[in-house]
Amino acid sequence: MLLKEYKNLLVTKEDKILTISINRPKVLNALNQELLSELKTLLTLITDTDFKDLRGVILTSEGEKAFIAGADIKEMDGLEDDKASDFSALGQEVSLLFSKVKVPVIACVQGYALGGGCEMAMSADWIYATENAIFGLPELSLGLIPGFGGTKRLAQFVGLAKAKELIFTGGKWTAADAYKNLLVNKVFANKEEMLSFAKKQLLKSERQSALGVFYSKKTMEESYFCNMQDSMSIEKKSFSAIFSSKDKRTGIKAFLNKEKPNFQY
Ligand code: DAK
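Given the structure is predicted, the values throughout are model-derived calculations rather than measurements. (Residues numbered from 1 in each chain as written. Predicted model: local features only at pLDDT ≥ 70, side-chain atom pairs only at ≥ 80, totals over all residues. Heavy atoms only, no water.)

## Looking at the sheet that holds strand β9 (residues 173-174)
Judged by pairing direction, the sheet is mixed, and its four strands sit side by side in the order β4-β6-β8-β9 without closing on themselves. Only two strands of the sheet have a single neighbouring strand rather than two, namely β4 (66-68) and β9. Here strand β8 (residues 134-136) pairs with β9 via two bridges, running antiparallel. If you follow I134 over to β9, its bridge partner there is T174. (Pairing = 2+ DSSP bridges. Helix = DSSP H or I, 4+ residues; strand = E, 2+ residues; numbered from the N terminus.)

Written out as structure tokens, the structure is:
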């Protein structure tokens, strides 16, 4: 079901890891509405997929030069003013769907991640990059502003002042800058090393309770912008939910018996 043919995406699955590769390399993987609609369809299917079949998702792209060079500027040129809100809504919907996926999602970035591309990367749970990666939100140079959640998410990753500086000045960050500013978790010499490390990290969750990963992600997403008291309430709700699970009994019993847990939720 997940592995059906898409015009603008390559989707593969190995060891319960699903890899989504954006596939419009001739235009540096620019995001047009057709591609975003395909991503929406695929991510909706993924959010309904159980941990038994899926332990992690990698978002990457085809071609050496770019992860995604932004929203498709040629398509935007022909976009009527009253359709801008639909376009923004579609991009935002796609970016929000990543947070609903029950397993970790890692963006693996090589080359340009600009505008909507940087915003898509920031929609993942975390970002890895190759040394040649370039990040930026250059929308202001086109007379626009970021429209797929970038004004919020960049500040979430790097803090408000750094985010304002990058957006207002149209600056570009190398992978090293992005790592220093906490936008990127780790930098790699090449794509193969990056993908192989991402897979290893995702497969570590095989040894964790998948239900624990799901509840941690849900709790962290829901509580990030809440005050401490509301965050505690959200955590308490998730904690109570997992406390009555089979995984909790399995994990505690295995520890007490000095055995390896075999989590099945
Ligand atoms: N859209 C469409 N085509 C693109 C593209 C893009 N974003 N980026 C590159 N291409 C195409 C080029 O036109 C070229 O096509 P051909 O001429 O060969 O047909 C091909 O990809 C190769 O690109 P270049 O020849 O330009 O390659 P270079 O190595 O010389 O330069 C570059 C690479 C990444 C520096 C350059 O291509 C570039 O500056 N690209 C644009 C980057 C950019 O400005 N990105 C931000 C896009 S704006 C909103 C919703 C969303 C957004 C905003 C508002 N609402 C509805 C409110 C989001 C906006 C954006 O993302």
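## Notes on helix α3 (residues 84-100)
A rise of 1.5 Å per residue sets the reference length of α3, with its 17 residues, at 24 Å; its end C-alpha atoms lie 25 Å apart and thus fit the reference within 8%. The complete set of buried residues in α3 reads F87, L90, G91, V94, S95, L97, F98 and S99. (Expected span 1.5 Å × (residues − 1). Buried < 20%, exposed > 50% of the residue type's maximum accessible area, 1.4 Å probe, protein only.)

## Here we look at a negative patch on the surface
Taken together, E64, E131, E192 and E193 make up a surface patch of like negative charges. Within the element layout of this structure, E192 appears in helix α8 (residues 191-204). (Patch = residues over 30% accessible without salt bridge, like charges linked within 9 Å, V, L, I, M, F, W, Y side chains within 5 Å. Areas by Shrake-Rupley, 256 points an atom, 1.4 Å probe, with all protein chains shown as cover. Salt bridge = Lys/Arg side-chain N within 4 Å of Asp/Glu carboxyl O. Lys, Arg positive; Asp, Glu negative; His and termini not counted. Charge placed at Lys NZ, Arg CZ, Asp CG, Glu CD.)

## Things to note about the pairing of strand β3 (residues 56-61)
Consecutive side chains of a regular strand alternate in pointing toward one face of the sheet and then the other. In terms of residue burial, β3 counts as a mostly covered element, since six of its six residues are buried. Side chains G56, I58 and T60 of β3 all project onto a buried face; the interleaved residues V57, L59 and S61 project onto the opposite face, where all are buried too. Both strand β2 (residues 17-22) and β3 contribute to a ladder of six bridges, which runs parallel. Looking at the pairing, I17 lines up with G56 of β3. Once the chain exits β2 it traverses helix α1 (residues 33-47) before rejoining the sheet at β3, and the crossover so formed is right-handed. (Right-handed = clockwise from strand over helix to strand, strands pointing away.)

## Let's talk about the site of the ligand
Every one of the 25 residues lining the ligand counts as a neighbour, but K65, A69, A71, I73 and G116 are closest to it. At 2.9 Å, a backbone N or O of A69 approaches a nitrogen atom of the ligand. Between A71 and the ligand, the recorded distance is 2.8 Å, taken from a backbone N or O atom to an oxygen atom. When the free accessible area of the ligand is taken as 1100 Å², the share hidden by the protein chains comes to 67%. Every element with two or more residues in the shell around the ligand is listed here: α2 (73-77), α3 and β6 (112-114). Taken together, the residues of the shell around the ligand break down into 15 nonpolar, five polar and five charged. (Near = heavy atom within 4 Å. Polar contact = N/O pair within 3.5 Å; in protein donor to acceptor, adjacent residues only side chain to side chain. Nonpolar A, V, L, I, M, F, W, Y, C, P; charged D, E, K, R; others polar.)

All we've got here are geometric facts, nothing functional implied.
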